[in-house]
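These are the residues of each chain, in order.
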Amino acid sequence: MAGRYGNGGQGRRHGGGGGRGGGRRPEPEPIRGVRDDARLSSELLRMDGDSYGRYKSLKGDWDFGDFTLTVQHAQSDPFAPPSRVRVLVHDAGIPKSAWADPVRRRATADYLGRRARRLLRGSLLKIDTGGQEVIERSSCQVTEGGGIDLRIGIDLPGRGRRIDGRTAERELCATLPDLVDDLDWEEIDTAEAEAFADSVADTVALRAQLEERGLVAFVADGAILPRRSGVSDEPMTGGAVPFESPEPLRVSVDLPHRGTVTGMGVPEGITLIVGGGFHGKSTLLHALERGVYDHIPGDGRELVVSRGDAVKIRAEEGRRVERTDVSPFVRGLPTGADTGDFRTENASGSTSQAANICEAVEAGSRTLLVDEDSTATNLMIRDERMQALVHGDREPLVPFIDIVRPLHREHRVSTVLVMGGSGDYFDVADQVIMLDAYHPHDVTERARALARERADADFTPPRHRIVDPASVNPTTARGRSKIKRRDMDVLVFGDHDIDVRSVEQFVDPGQITGAGLALRELVRGGHLDGARTLAEALDSLERALARDGVTRLGGDFGGDYALPRRYEIAAVLNRLRALRVAELR
Ligand code: ADP
Ligand code: MG
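Bear in mind the structure is a predicted one, so any value in this text is a computation, not a measurement.

1. Focus: the coordination of the magnesium ion (ligand 2)
And step 1. The protein atoms that coordinate the magnesium ion (ligand 2) are Ser282 (OG) and Asp373 (OD), at distances spanning 2.1 to 2.3 Å. Taken together, the positions of Ser282 in helix α5 (residues 281-290) and Asp373 in the loop between β19 (367-371) and α7 (377-380) put the pair 91 residues apart, joining distant regions of the chain.
And step 2. Relative accessible area serves as the criterion here: at 28%, Ser282 is assigned to the partly exposed category.
And step 3. Look at Asp373 and you get exposed, because its relative accessible area is 59%.

2. Details of the domain arrangement of the protein
And step 1. Parsing the protein into structural domains produces domain 1 (37-188), domain 2 (212-463) and domain 3 (465-584).
And step 2. The straight-line distance from the C-alpha centre of domain 1 to that of domain 2 is 43 Å.
And step 3. Taken together, the nine residues of domain 1 in the interface contact 12 residues of domain 2.
And step 4. Together domain 1 and domain 2 conceal approximately 720 Å² of surface at their shared face, both sides included; 49% is due to carbon and sulfur atoms.
And step 5. The interface formed by domain 1 and domain 2 contains three salt bridges.

3. Describing the sheet that holds strand β21 (residues 431-436)
And step 1. The strand order β16-β19-β20-β14-β21-β22 describes an open sheet built from six strands, whose pairing is mixed. Among the strands making up the open sheet, the edge pair consists of β16 (310-313) and β22 (439-442). Adjacent strand axes in the sheet meet at a mean angle of 20 degrees when their direction is disregarded.
And step 2. Strand direction decides the pairing type here: strand β14 (residues 270-275) and β21, joined by five bridges, are parallel. Bridge pairing links Thr271 to Gln431 in β21.
And step 3. Packing of helix α6 (residues 349-363) onto the sheet brings it into contact with β16 and β19, and relative to β16 it is tilted by some 170 degrees.

Rules used in this analysis
- Residues numbered from 1 in each chain as written.
- Chains lettered and ligands numbered in written order.
- Predicted model: local features only at pLDDT ≥ 70, side-chain atom pairs only at ≥ 80, totals over all residues.
- Heavy atoms only, no water.
- Donors = N, O, S within 2.8 Å, 3.2 Å for Na, K, Ca; no water.
- Helix = DSSP H or I, 4+ residues; strand = E, 2+ residues; numbered from the N terminus.
- Buried < 20%, exposed > 50% of the residue type's maximum accessible area, 1.4 Å probe, protein only.
- Domains from an automatic or database assignment.
- Contact = heavy atoms within 4.5 Å.
- Buried area = accessible area lost by both parts, 1.4 Å probe.
- Salt bridge = Lys/Arg side-chain N within 4 Å of Asp/Glu carboxyl O.
- Pairing = 2+ DSSP bridges.
- Axes fitted to C-alpha atoms, helices over the stretch in contact; angles between N-to-C directions.

Here's what the structure looks like:
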């Protein structure tokens with residue numbers, strides 16, 4: 001046991017490591033001897049009124065019999081970020097049927113995490129849980145053998161800079177054991193927990209069927225797509241029009257738990273969503289964006305499912321681009337820059353959107369989701385009169401409409417596009433869905449009657465990039481590793497702020513932190529090794545995460561995080577202003 005709690009008794013003074021000003025007091029020794037729940041209780045009561053820093057002596061493991069409490073980090077003052085504890089419940093009685101399969105295990109963990117959050121309401125203990133999506137996260141894991149591994153934050157209580165030992169004792173020695181009891185399989189509504197896992201398993205089974213059926217997405221009849229408000233992702237209550245599939249696109253699917261379900265299948269190829277303003281186009285597309293994730297029962301989108309590789313594309317003026325091959329869209333810039341190897345600190349609306357498409361394809365996406373509301377018009381269309389005025393040789397942009405067909409025909413990349421403002425895309429669409437007062441209609445035939453002949457442009461897939469791993473570094477100038485999220489806007493990675501506001505398929509704050517940790521892991525785990533292409537490095541990381549789970553990303557990291565997709569990991573990397581690409585292939 002000696003040395004287990006660090007420090008090894010040498011009153012270490014910590015050179016560097018950055019205390020504010022000088023004069024940082026040495027950390028108190030961890031409490032020695034018997035470390036069980038009775039001892040923790042008596043120590044906390046004895047600490048009452050002591051100086052706040054003594055909380056640090058709690059660090060390390062405490063044996064509660066049926067679980068182990070580990071104090072991983074104790075905050076140094078009451079205003080610092082919360083302290084962190086881990087609770088490892090050896091056996092919570094969770095049956096094998098709820099954890100042997102990885103999908104059910106993720107669902108069971110999610111269910112228990114949400115239950116823990118409800119049980120902890122009003123306490124100082126806080127657990128990170130998801131919103132409407134069921135995403136693997138560090139805060140609650142079901143272990144092999146039916147135990148639970150919880151990572152919890154706690155604001156250790158103080159009166160000024162003195163320890164409030166009584167309250168701390170209540171939280172750690174009463175609330176926490178009660179929580180563990182209440183998470184036991186004997187105590188929970190197992191029918192509800194099983195239904196939760198069944199629902200997630202159905203979603204996963206549905207997504208697995210899409211490819212063989214030639215679909216990129218499925219929207220079940222009866223699904224509720226609209227949300228409560230622009231700032232709430234919960235289902236609209238009252239007045240929501242349930243989804244009803246249009247006849248020609250109606251398909252039925254067989255699911256392991258729900259049985260046969262009907263809905264709209266969105267086929268591969270080019271799908272156009274049209275309709276008047278405010279008729280529900282963006283709401284449908286938004287549901288497809290989120291359909292790459294599984295939703296909790298009651299969300300309304302449990303059976304709105306997209307292929308896991310679907311990426312939302314948008315314009316993003318001002319972003320940096322590092323040696324991306326945007327030549328399919330941009331040829332001959334006024335600066336004479338090589339657009340096959342394009343770099344800018346400040347992309348325009350059109351070049352940023354071109355880079356976003358090329359990078360998504362580079363990362364492996366074969367499904368693009370595009371909404372006119374957030375695109376650069378000049379990258380989407382160019383009408384005849386504009387062509388007559390600005391001749392081909394003066395216009396570096398090849399509009400998406402000229403590429404969308406070769407993208408699919410030659411490279412199997414499908415597009416779902418919302419476009420209410422221009423009929424040009426009738427010329428290239430394989431199917432056209434019109435939303436009329438939230439009801440979808442198949443208007444492919446009518447649109448085809450209005451379509452014109454159109455010549456396509458050539459499309460050569462963008463070249464692959466090999467990243468210099470040294471440029472992906474979370475260490476600050478002061479020598480500390482720093483990965484931190486600011487709201488849903490910024491990921492701080494070392495000395496760099498990465499703007500993630502336009503990465504729209506981040507649905508959970510924990511995924512942003514997870515993407516930062518994934519960048520670190522790409523390098524630390526040797527996936528990004530200076531020889532593999534970015535896509536190969538992502539393949540390699542994905543395999544490691546599938547094998548070891550999301551906590552592979554954490555290691556010594558003291559915070560909550562959730563699993564990001566490879567497309568969001570790539571998106572974060574592409575927005576890192578320090579990124580250097582060594583080679584194109
Ligand atoms: P569009 O993109 O066609 O302009 P939106 O998708 O933005 O339209 O939807 C407009 C409004 O209608 C939003 O407030 C949205 O919440 C609401 N809405 C969308 N779909 C439905 C529906 N099925 N039932 C009720 N309201 C809906
Ligand atoms: Mg819209």
